[in-house]
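The primary structure of each chain is shown beneath.
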There are 2 protein chains.
Amino acid sequence: MKPFTFFERFSKALRDHPSLSRILVVSTISGGGLIAYSEANVSYSSNGVETGTRKKKVVLLGTGWAGASFLKDLSNSSYEVQVISPRNYFAFTPLLPSVTCGTVEARSVVEPIRNMGRKNVEMSFLEAECFKIDPGKKKVYCRSKQGVDSKGKKQEFDVDYDYLVIATGAQSNTFNIPGVEENCHFLKEVEDAQRIRRTVIDSFEKASLPDLKEEERKRMLHFVVVGGGPTGVEFAAELHDFVTEDLVKLYPKAKNLVQITLLEAADHILTMFDKRITEFAEEKFGRDGVDVKLGSMVVKVNDKEISAKTKGGEVSTIPYGMIVWSTGVGTRPVIKDFMKQIGQGNRRALATNEWLRVEGCDNIYALGDCATINQRKVMEDIANIFKKADKDKSGTLTVKQFQEVMDDIFVRYPQIELYLKSKGMRGIADLLKQANTENGSSKAKEELNIEELKSALSQVDSQVKFLPATGQVAAQQGTYLAKCFDRMEECEKNPEGPIRIRGEGRHRFRPFRYRHLGQFAPLGGEQTAAQLPGDWVSIGHSSQWLWYSVYASKQVSWRTRVLVVSDWMRRFIFGRDSSRI
Amino acid sequence: MKPFTFFERFSKALRDHPSLSRILVVSTISGGGLIAYSEANVSYSSNGVETGTRKKKVVLLGTGWAGASFLKDLSNSSYEVQVISPRNYFAFTPLLPSVTCGTVEARSVVEPIRNMGRKNVEMSFLEAECFKIDPGKKKVYCRSKQGVDSKGKKQEFDVDYDYLVIATGAQSNTFNIPGVEENCHFLKEVEDAQRIRRTVIDSFEKASLPDLKEEERKRMLHFVVVGGGPTGVEFAAELHDFVTEDLVKLYPKAKNLVQITLLEAADHILTMFDKRITEFAEEKFGRDGVDVKLGSMVVKVNDKEISAKTKGGEVSTIPYGMIVWSTGVGTRPVIKDFMKQIGQGNRRALATNEWLRVEGCDNIYALGDCATINQRKVMEDIANIFKKADKDKSGTLTVKQFQEVMDDIFVRYPQIELYLKSKGMRGIADLLKQANTENGSSKAKEELNIEELKSALSQVDSQVKFLPATGQVAAQQGTYLAKCFDRMEECEKNPEGPIRIRGEGRHRFRPFRYRHLGQFAPLGGEQTAAQLPGDWVSIGHSSQWLWYSVYASKQVSWRTRVLVVSDWMRRFIFGRDSSRI
């Protein structure tokens, strides 16, 4: 007797044919529906070169965006991957603000990491935290997350690697402001979001107790968000919706006592977005009664009060019930320690080259929030560039000579292209023309010497951009690195990167290049601001639907996709749950 | 712009018309469906008698089955209800074993208590624990669940009542066996179920760490369940399914290391069920590899080992990874303290009369697992019964006289009816006939004196049955008491209960009478045993579907109903999630 064959077959079909994930159709009880087209997965042919010898051991630290993307896309079976992370799941972090208020359930945004690797790649997982990296011995030292023996002592062990991929992410940055660590909630992990949810309900329950002064109740229901970035703004918006749409029905007396305050040190919130979005968000919060205090720098937090300094230097102290701290990223201790070992001690994040390899280390790669790409400056290499281009060693460079190496140089130094674009120039010829004009010569010269080239490119390096600490960057880096690993042997023989400016031959791979696909800022009340490539800005209900579609399609598995979509529907129909579990 | 009007209208319809809940139709993505008819809610007309004076204050302690049913059914607006409980939600406890393994999510089985009262009844909730009841001052003393001031001190306060309804439930019974409290998991609250779920995943992650001995891994993956009642059996079955259906895929090495052991002190598991069910369950566990150790009494638990004594007196000690303790119920401290105050110190639970009023207390009612009904014995009242029936005070009772009061006596002493049934007698005449026969008289006598009545009824009280500590009993008691409260004033004037045997007039209400609707024992692998009224036994896949239908329809709200059903579908399609959150 097998009554569930239909379910089982359907389920098997979903698991076995990931290509089905191109179209998601979820019909609902109500007949309402959502159709979202997920991005077609570009599939790279797997060139698993079985060497016959021992498989190369790749140790991957971290299961966030960078680590999970790397794992998901690595398809060459000549590697053996050992994943080490304190969390045995990947979490879809853009939905964490939704988890804080129960718009989406925590379990709907996580996927076990053991489910995520490809079937042909040997993978194992250890639930442990790496506390030391030894690049000399090619070892990482780890501590199990839980106590193993009866005294609760955490087991320590070391793991060898051939390649190490560091994707541990960052931690919240408290800027060493006193009291932040002890009294504030952060919003980086699933547990944080769950804790915030419980604390919000706790605040409402506490404020409903008898024998309290009115001002005490007000304090308990004063929610402070520090940081006007996308996470902070989204959390404030979610909390506002939760309070006005759901909680005031159950806690009618609390209605006039709740206050949400957003503190931002800069002059505006959402500064990384277009000005129109910033303005819209500030106006919307104004209408909603969310108190946005701009130019407020937090200086101290104690267990009941938070003190902030205005630009004028005035310090004001406000009583609070709960603080959510959401201001930028800081370095994890294990990364700090590793950076000291390799002489990068005074940096904020691990410096890598444009191929994501940690500078000064062989076989160690770093990606995501724990790393930053050190783009080689044109001016450092200017002599070598000149030498490479000046093939006839004439001491001068013709436009033709330059054009021969131009493609490689554009790939190696993307800032040149950005610079040309910013100046409205169409190509290298325009740059040379301008150089000539600056030299006082009205007639276009055919040739440049090295000093003239230097002066033409002198402003180029100002265009070097640091990538933001977002999941989008991390995910693209993970995918990029997996593709490089997949084709390591192949590209060793047939390198496909640009010519080496300082050395001979070509780089094995093209360097990593980030493609910005846009960014959302949900503002509550079913309104979202979206900034898409090409500075296309969209604000309102339509962007909210775009947001739903994109976030549904971006889910890492069919399971989470169905769960997230049904959570949204549940919220529309029944509201958010306020049980304190 | 309101794109969700359809959703909103649908949602409003669901909230405003609870009668819609008679039919539940959930269409699914897969086209599979489940139609479950939930029991039609019998609605009692609300006779809210507005007295013009102050509303009577009902304090309700507890939000379990008894408390939630009382709250849900109380419809007389002349009361003001103050609910006090450490949990601001009602939990559908029969699904807790499913929550332990993620077959159903915790949030799908809870409903905020503030949502559960009727709209016309004034209700407020305090998240606090009652630690003392003072029947003299008509006060309860409570402690808030969370720290309110900065030192984390929990606020204490007292609440006055006119009527007190005690429905605090029971706690797990450790029988004072050393080490149980510290080392075992219980399964009474939602938090317990969530903790068990995390611990199961933790065990698998721990056992996957490097550098461990095989026997240590085996110990970590040895799950022990103590108690072969429905909860223990269901948990063992759920865990077995979770391991074999989901976990072995992700932890292939653990496959041969996992062991589930069920310890039961009696000679069989599921002793409260029909023998056929017991046999089936024991056989199924045997086939599944769940080691059922019957006649094993736990004598000691330490942090790694559990010791059990067989009936022969042999003590064996087994290493374990996790123990779930599920053996009967014990008394909560606040109830123990209250029982001492009112002279019931040596009992297991609060004794009430047949109307659920606590014996020796006015205006205090107790129901659910914290209470037990003290059915008045016939033999205690035999003289009064005789007096009431013997209206002509002749000193003898005729069949006719007896029949006049018979209905009332049957209602007051249900054991008489049970006794007659057990002896195959059709009515009181048969009883009298038997009494005469026993007296040696072959001819049916028309009259009985008191001694003859005593001897006829001497065995009757052996039929007094104690009600089991189940949600079904508690829910029926809550509904019964709510109906009594609703019609308190009305029945004061027109009492509808049986005649008072020891006093004058009639009782206001008919006494509480439990109607057993059957019981399920899910055994895993989509098989359930069901014992329905009339000793109808059903085992297998069909009962599993009955189980799904009944449990879906019994959900307290549309929200939880939809969530539970979609959780089940999610499990069929995608399996259970093993992320450690």
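Just so it is clear, the structure is predicted and the values come from calculations on it, not from any experiment. (Residues numbered from 1 in each chain as written. Chains lettered and ligands numbered in written order. Predicted model: local features only at pLDDT ≥ 70, side-chain atom pairs only at ≥ 80, totals over all residues. Heavy atoms only, no water.)

**Comments concerning the overall build of chain A**
Let me state the cut-off plainly: In this description a helix means any DSSP run of H or I spanning at least four residues, a strand means any run of E spanning at least two, and both kinds are numbered starting from the N terminus. Exposed residues in this analysis have more than 50% of their type's maximum accessible area, buried residues have under 20%, and partly exposed residues fall in between, with area computed by a 1.4 Å probe over protein chains only. When checking whether two residues touch, look at their non-hydrogen atoms; a contact exists if any pair is within 4.5 Å. Accessible surface is estimated by sampling points in the Shrake-Rupley manner with a 1.4 Å probe; for residues, cover comes only from the protein chains shown.
A count of helices and strands for chain A gives 18 helices and 27 strands. Burial statistics for chain A: of 581 residues in total, 57% are counted as buried. A sequence separation of at least 24 residues applies to 64% of the contacts in chain A between residues at least 6 apart. Accessible surface, chain A as shown: approximately 25,900 Å² in total, 49% of it carbon and sulfur.

**Some points on the nonpolar core**
Here is the rule we go by: By nonpolar core is meant a set of buried Ala, Val, Leu, Ile, Met, Phe, Trp, Tyr and Cys residues that side-chain atoms within 4.5 Å join together.
Judged by nonpolar contacts, the single largest core of 130 residues is most densely connected at Val 140, Ile 166 and Leu 350 of chain A together with Phe 204, Phe 485 and Trp 568 of chain B. Not counting chain neighbours up to four residues away, the residues in contact with Phe 204 of chain B comprise Leu 221, Phe 223, Val 243, Leu 247, Tyr 251, Ala 254 and Val 258 of chain B. Ile 201, Val 225, Ile 277 and Ala 552 of chain A belong to the second-largest nonpolar core, a separate cluster that totals 129 residues.

**Digging into the interface of chain A and chain B**
For the record, the criterion: One speaks of a salt bridge when a side-chain nitrogen belonging to Lys or Arg is within 4 Å of a carboxyl oxygen belonging to Asp or Glu. Two N or O atoms form a polar contact when they lie within 3.5 Å of each other; inside protein one atom must be a possible hydrogen donor and the other a possible acceptor, and for residues adjacent in sequence the pair counts only when both atoms belong to side chains. Each residue gets one of three labels, nonpolar for Ala, Val, Leu, Ile, Met, Phe, Trp, Tyr, Cys and Pro, charged for Asp, Glu, Lys and Arg, and polar for the others, Gly among them.
Each partner contributes residues to the interface: chain A has 70 residues there, and chain B has 70 residues. The interface formed by chain A and chain B contains eight salt bridges. Taking the shortest distance from any N to any O, the salt bridge between Glu 105 of chain B and Arg 107 of chain A comes out at 3.3 Å. Summed over the shared surface of chain A and chain B, the result is 18 residue pairs in polar contact (both at pLDDT 80 or more). With eight residues, helix H18 (residues 558–574) of chain A is the single largest residue contributor to the side of chain A that touches chain B. Grouping the constituent residues of the side of chain A that touches chain B by class yields 33 nonpolar, 15 polar and 22 charged.

**As for the domain arrangement of chain A**
Using the following cut-off: Marked domain ranges trace back to an automatic or database domain assignment.
What the domain assignment reports for chain A is domain 1 (56–172 + 331–373 + 469–507), domain 2 (184–327 + 517–574) and domain 3 (393–462). A separation of 48 Å is found between the C-alpha centroids of domain 2 of chain A and domain 3 of chain A.

**Looking at the pairing of strand E4 (residues 79–85) of chain A**
The two faces of a sheet get side chains in turn, since along a regular strand they alternate between them. Residues and elements named next belong to chain A. Quick note on the threshold: Pairing between strands is defined by DSSP: at least two bridges between the two strands are required. Seen with its strands pointing away from the viewer, a crossover is right-handed when the path leading from the first strand over the helix to the second is clockwise.
With respect to burial, E4 is a largely interior element, six of its seven residues being buried. Note: strand E3 (residues 56–61) against E4, six bridges, orientation parallel. Paired with Lys 56 across the strands is Tyr 79, a residue of E4. Each parallel crossover has a hand, and the one from E3 via helix H2 (residues 65–73) to E4 is right-handed. Here E4 runs beside strand E7 (residues 122–134); their pairing, made up of six bridges, is parallel.

**Observations regarding the sheet that holds strand E9 (residues 154–160) of chain B**
This is how the line gets drawn: Under this scheme, a helix contributes an axis fitted over its contacting stretch, all axes are lines through C-alpha atoms, and angles between N-to-C directions fall in the 0 to 180 degree range.
Taken together, seven strands build an open sheet; the order of strands is E9-E8-E7-E4-E3-E10-E21 (chain B) and the sheet is mixed. The two strands at the open ends of the sheet, each matched to only one other strand, are E9 and strand E21 (364–366) of chain B. Geometrically, the sheet is characterised by an average inter-axis angle of 35° between neighbouring strands, direction not taken into account. Helix H5 (residues 190–207) of chain A contacts strand E7 (122–134) and strand E8 (139–147) of chain B of the sheet and is inclined by roughly 150° relative to E8 of chain B. Packed on one face of the sheet, helix H2 (residues 65–73) of chain B meets strand E3 (56–61), strand E4 (79–85), E7 and strand E10 (163–166) of chain B and runs near 150° to E3 of chain B.

**Things to note about the pattern of salt bridges**
For the structure on display, the rule yields 76 salt bridges over all chains. In this structure, Lys 400 of chain B and Glu 404 of chain B form a salt bridge, with 3.8 Å as the shortest nitrogen-oxygen distance. Taken together, the residues span about one helical turn, with Lys 400 of chain B and Glu 404 of chain B both in helix H11 (residues 399–412) at a distance of four residues. You can call Lys 400 of chain B exposed: its relative accessible area is 60%. Classification of Glu 404 of chain B as partly exposed rests on a relative accessible area of 46%. Put simply, Glu 105, Arg 197, Asp 567, Arg 570 and Asp 577 of chain A together with Arg 107, Glu 111 and Arg 559 of chain B are held in one network by salt bridges that share partners.

**Some points on the state of the cysteines**
By definition, a disulfide links two cysteine residues through a covalent bond between their sulfur atoms. Convention followed: We call a pair of cysteine sulfur atoms a disulfide when they lie within 2.5 Å.
This model, assessed by the stated rule, comprises zero disulfides over all chains. Of all cysteine sulfurs in the structure, the one in Cys 484 of chain B sits closest to Cys 491 of chain B, which takes part in no disulfide; the separation is 7.6 Å.

**Points about the packing of helix H5 (residues 190–207) of chain B against helix H7 (residues 230–250) of chain B**
All names here are of chain B. Our working rule: In this scheme, roughly parallel covers angles under 35 degrees and roughly antiparallel covers those over 145, while 65 to 115 is roughly perpendicular and the rest are oblique. Crossing handedness follows the turn of the near helix against the far one: under a right angle anticlockwise gives a left-handed crossing, and clockwise gives a right-handed one.
Where H5 meets H7, the closest approach of the two axes is 13 Å, and the angle between their N-to-C directions is 45°. It follows from the interaxial angle that H5 and H7 lie oblique. You can see that H5 and H7 cross each other, and the crossing is right-handed. The residues of H7 that touch H5, namely those facing Ile 196, Val 200, Ile 201 and Phe 204, are Phe 235, Leu 239, Phe 242, Val 243 and Leu 247. Residues of the contact of H5 with H7, tallied by class, amount to nine nonpolar, no polar and no charged.

**Quick look at the relation of the copies chain A and chain B**
The condition that has to hold: Superposing copies: least-squares fit, C-alpha atoms only, residues required to have pLDDT of at least 70 in both.
Overlaying chain A with chain B gives an RMSD of 0.2 Å, the required rotation being 180° about an axis along which the chain moves by 0.1 Å. Here the copies are linked by what is in effect a two-fold axis. When the interface residues of chain A are mapped onto chain B, 100% of them again lie at the interface, so the same face is used by both copies.

**So, helix H10 (residues 378–389) of chain B**
Along an α-helix, residues three or four positions apart point the same way, because every turn accommodates 3.6 residues. All names here are of chain B. Here is the rule: Multiplying one less than the number of residues by 1.5 Å gives the expected span of a helix. Along the arc lie the directions from the helix axis toward the C-beta atoms.
A rise of 1.5 Å per residue sets the reference length of H10, with its twelve residues, at 16 Å; its end C-alpha atoms lie only 14 Å apart and thus fall more than 12% short of the reference. For H10, every residue scored as buried is listed here: Val 378, Asp 381, Ile 382, Ile 385, Phe 386 and Ala 389. Taken end-on, H10 shows its buried residues confined to a sector of 165°, consistent with a single buried face. Opposite its buried face, H10 presents the exposed residues Glu 380 and Lys 387, each directed more than 90 degrees away. In the core, the buried residues of H10 are packed alongside strand E23 (397–398), H11, helix H12 (414–423), strand E24 (447–448) and helix H14 (450–457).

**Here's the deal with the sheet that holds strand E25 (residues 519–524) of chain A**
All names here are of chain A. With antiparallel pairing, the three strands of this open sheet are ordered in space as E25-E26-E27. Each edge of the open sheet carries a strand with a single partner, namely E25 and strand E27 (536–540). Across this sheet, the average inter-strand angle for adjacent strands is 10°, counted without regard to direction. Bridge analysis of strand E26 (residues 527–532) against E27 gives five bridges, and the strand direction is antiparallel. From the neighbouring strand, Ala 530 faces E27, where its bridge partner is Ser 538.

**Some thoughts on the environment of Val 298 of chain A**
Residues and elements named next belong to chain A. Locating Val 298 in the fold gives a position in strand E15 (residues 297–301). Residue Val 298 is classed as buried on the basis of its relative accessible area, which comes to 7%. For the pair Val 298 and Thr 310, spaced twelve residues apart in the sequence, the C-alpha separation amounts to 8.9 Å. Excluding residues that lie within four positions of it along the chain, Val 298 makes contacts with Ile 177, Val 226, Leu 263, Ile 306, Ser 307, Ala 308 and Trp 325.

**Thoughts on the pairing of strand E9 (residues 154–160) of chain A**
Residue and element names in this part refer to chain A. Judged by which residues are buried, E9 turns out to be one-sided: Gln 155, Phe 157 and Val 159 face inward and are buried, whereas Lys 154, Glu 156, Asp 158 and Asp 160, on the alternate face, are not. The pairing of strand E8 (residues 139–147) with E9 spans six bridges and is classified as antiparallel. The partner of Tyr 141 across the bridge, within E9, is Asp 158.

**Some points on unusual backbone geometry**
With a phi close to 55°, Asn 176 of chain A is a non-glycine residue in the positive phi region. When you line up the elements, Asn 176 of chain A lands in the loop between strand E11 (171–172) and helix H4 (180–183).

**Let's talk about the side chain of Thr 327 of chain B**
Residues and elements named next belong to chain B. On the secondary structure map, Thr 327 appears in the loop between strand E18 (322–325) and strand E19 (329–330). Classification of Thr 327 as buried rests on a relative accessible area of 18%. Polar contacts involving the side chain of Thr 327 include one to the main-chain carbonyl oxygen of Asn 173, which spans 3.3 Å. Here the side chain of Thr 327 touches Trp 325 through a polar contact of 3.0 Å, side chain to side chain. For Thr 327, the contacting residues outside a window of four places in its chain are Asn 173, Phe 175, Val 226 and Gly 227.

**Notes on the confidence of the model for chain A**
Residue and element names in this part refer to chain A. Basically, it comes down to this: Every residue gets a pLDDT, meaning the predictor's confidence in that residue, from 0 to 100.
Put simply, chain A has an average pLDDT of 87, and 89% of its residues get 70 or more. Element-level mean pLDDT values for chain A span from 32 in strand E2 (residues 33–37) up to 98 in strand E10 (residues 163–166). Predicted confidence is poor over residues 1–7, with pLDDT under 50, and the contacts of this stretch with residues over four places away or in other chains come to eleven contacts. With pLDDT under 50 throughout, residues 18–51 is counted as low confidence; its partners more than four residues away or in other chains account for 58 contacts. Scoring of the predicted complex yields 0.86 for pTM and 0.84 for ipTM.

**Remarks on the packing of aromatic side chains**
Residue and element names in this part refer to chain A. For clarity, the threshold we go by: Working definition: a ring pair exists when centres of Phe, Tyr or Trp rings (six-membered ring for Trp) sit within 6.5 Å. Plane angles under 30 degrees give stacked, over 60 give edge-to-face, the rest tilted. Only lysine NZ and arginine CZ atoms are considered, and such an atom sits over a ring when it is within 6 Å of the ring centre and within 35 degrees of the ring normal.
Following the criterion strictly, the structure yields 36 aromatic pairs over all chains and no others. Their ring planes at 80° and their centres at 5.7 Å tell us that Phe 92 and Tyr 551 sit as a pair that is edge-to-face. A residue pair is termed long-range when its members are at least 10 positions apart, and Phe 92 in the loop between strand E5 (89–91) and helix H3 (96–100) and Tyr 551 in helix H17 (residues 541–553) qualify at 459 residues. A relative accessible area of 2% means that Phe 92 is categorised as buried. Grouping aromatic residues by their ring pairs yields a cluster made of Trp 65, Phe 90, Phe 92, Phe 520, Trp 545, Trp 547, Tyr 548, Tyr 551, Trp 568 and Phe 572. It is Arg 143 that lies over the ring of Phe 131; its NZ or CZ is 4.3 Å from the centre.

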